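Examining the three-dimensional arrangement
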Amino acid sequence: MRVAIDTEPGGTTPNEDWVAATSSLAIVLDGVSTAGLATGCRHGVPWYVARLGSRLVKALADSNESLVEGLATALEEVAALHPECDLANPGTPSATVAVLRQRDALLDHLVLADSPIVLEGDQGFTVITDLRVDDVLPELREEVEQYETHTQEHREALQRFVTAQRQTRNTPNGYWVAAGSPTAAAHAIVGSTAAQDVRSAAVLSDGVSRLVTEYDMATWPEVFGTLREGGPRALIHRVREVEATDPTGIRWPRYKSGDDASVAFCEWASSGPH
């Protein structure tokens, strides 16, 4: 399994994505925006995703460890790093998780929230994602999207949305992300695919996948063509080109002009992984 990775912040603020890979593992974390609101934690989202990611890589190096168990272990270890912070705060630093791991004749996957994994096989493309977050507070989401980015109205609407959204985070009636408690791991979407059925795969943050899912400016075959020709950097560059044509979110309403973008592109021989 050959993996190429890249990540880029969406603007001038620190990158809240995190990506890493080994010869059998690809991980993308997308830190959840705080919208400038208090979190009860003095460390911040970049600190959180870096420590969660490194501990997840360590936990999943053992192929006998399930992806759910590995995530729960990593969450518990990170929580132990900052016990002085209020980890019960609904705004405590959190992240989406997308993991693809090769284990003998299988490719195991785990997704928690909306960072997708896309598998390319002989029969086409399979998108594995967790879109429960899209069902939360649609009326407040629409309020945010009616304003251009970088306006005071947009900022205030986004803070109202995030404040309300936090109350549903990691609850049975809301959606699940990696945060202060290891219990969220049990709510991830997991599964396995026969390795011989997969030719390549992409693990993405939604700052990249929106090129297809929200902007409708590429198809998955085109995305994978870009990845094969120019790698993750070329794909992120394409996203930025598209966003530059709509800098204030008129054509494509969104939370920010450019989101952090991360890619892990996995390739095997034409006969599939072995």
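Look a little higher up for the structure.
What you see is a predicted model; the values in this text were computed from it and never measured.

The backbone of D104 shows a phi angle near 55°, a positive value even though the residue is not glycine. Relative to the assigned elements, D104 resides in the loop between β4 (95-103) and β5 (106-112). Here A113, not a glycine, exhibits a phi torsion of approximately 75°, which is positive. With respect to the element layout, A113 can be found in the loop between β5 and β6 (117-121). Judged by its relative accessible area of 4%, A113 is buried.

Structurally, the position occupied by N15 is in the loop between β1 (2-8) and β2 (17-21). Taking the relative accessible area as the measure of exposure, N15 reaches 19% and is therefore buried. A distance of 2.9 Å separates a polar atom in the side chain of N15 from a polar atom in the side chain of T7. When sequence neighbours within four positions are dropped, the list of residues in contact with N15 reads T7, E8, P9, P46 and D260.

If you trace the five strands from one edge of the open sheet to the other, you get β1-β10-β9-β6-β7, paired in antiparallel fashion. Only two strands of the sheet have a single partner each, and these edge strands are β1 and β7 (124-128). Pairs of neighbouring strands in the sheet enclose a mean axial angle of 15°, with direction left out of account. Relative to β7, β6 runs antiparallel, the two sharing five bridges. Bridging across to β7, V118 finds its partner in V127. The strands touched by helix α5 (residues 206-213) are β9 (200-204) and β10 (261-267); relative to β10, the strand with the most contacts, the crossing angle is about 80°. With respect to the sheet, helix α6 (residues 220-244) is in contact with β1, β6, β7, β9 and β10, its orientation differing from that of β10 by roughly 150°.

The next thing to look at is the pairing of β6. Residues in a regular strand project their side chains so that they alternate between the two faces of the sheet. Across the five residues that make up β6, a large majority, five, are buried. Count of turn residues in the β6/β7 antiparallel hairpin: two residues.

For the rest of this paragraph, the subject is the nonpolar core. L29, Y48, L56, V97 and V99 are the most contacted members of the largest nonpolar core, which has 28 residues in total. Sorting the residues of this core by element identifies β2, β3 (25-31), α1 (45-60), α2 (67-81), β4 and β5 as the ones contributing at least two each. Looking at this core element by element, the count peaks at seven residues for α1.

Going through the model one piece at a time under the given rule, you end up with four aromatic pairs. Here Y215 and W252 contribute two aromatic rings whose centre-to-centre distance is 4.9 Å and whose plane-to-plane angle is 40°, an arrangement assigned as tilted. In this pair, Y215 is assigned in the loop between α5 and α6 and W252 in the loop between α6 and β10, connecting sequence segments 37 residues apart. Side by side, Y215 and W252 carry an identical accessibility label, which is buried. Taking 6.0 Å as the distance between ring centres and 80° as the angle between the ring planes, the aromatic pair formed by F224 and F265 counts as edge-to-face. Of this pair, F224 sits in helix α6 while F265 sits in strand β10, placing them 41 residues apart in sequence. For the pair shown, F224 and F265 are each scored as buried.

Definitions and limits used
Residues numbered from 1 in each chain as written. Predicted model: local features only at pLDDT ≥ 70, side-chain atom pairs only at ≥ 80, totals over all residues. Heavy atoms only, no water. Helix = DSSP H or I, 4+ residues; strand = E, 2+ residues; numbered from the N terminus. Buried < 20%, exposed > 50% of the residue type's maximum accessible area, 1.4 Å probe, protein only. Polar contact = N/O pair within 3.5 Å; in protein donor to acceptor, adjacent residues only side chain to side chain. Contact = heavy atoms within 4.5 Å. Pairing = 2+ DSSP bridges. Axes fitted to C-alpha atoms, helices over the stretch in contact; angles between N-to-C directions. Core = buried A, V, L, I, M, F, W, Y, C linked by side-chain atoms within 4.5 Å. Phe/Tyr/Trp six-rings, centres within 6.5 Å; stacked < 30°, edge-to-face > 60°.

Keep in mind these numbers describe shape, not what the thing actually does.
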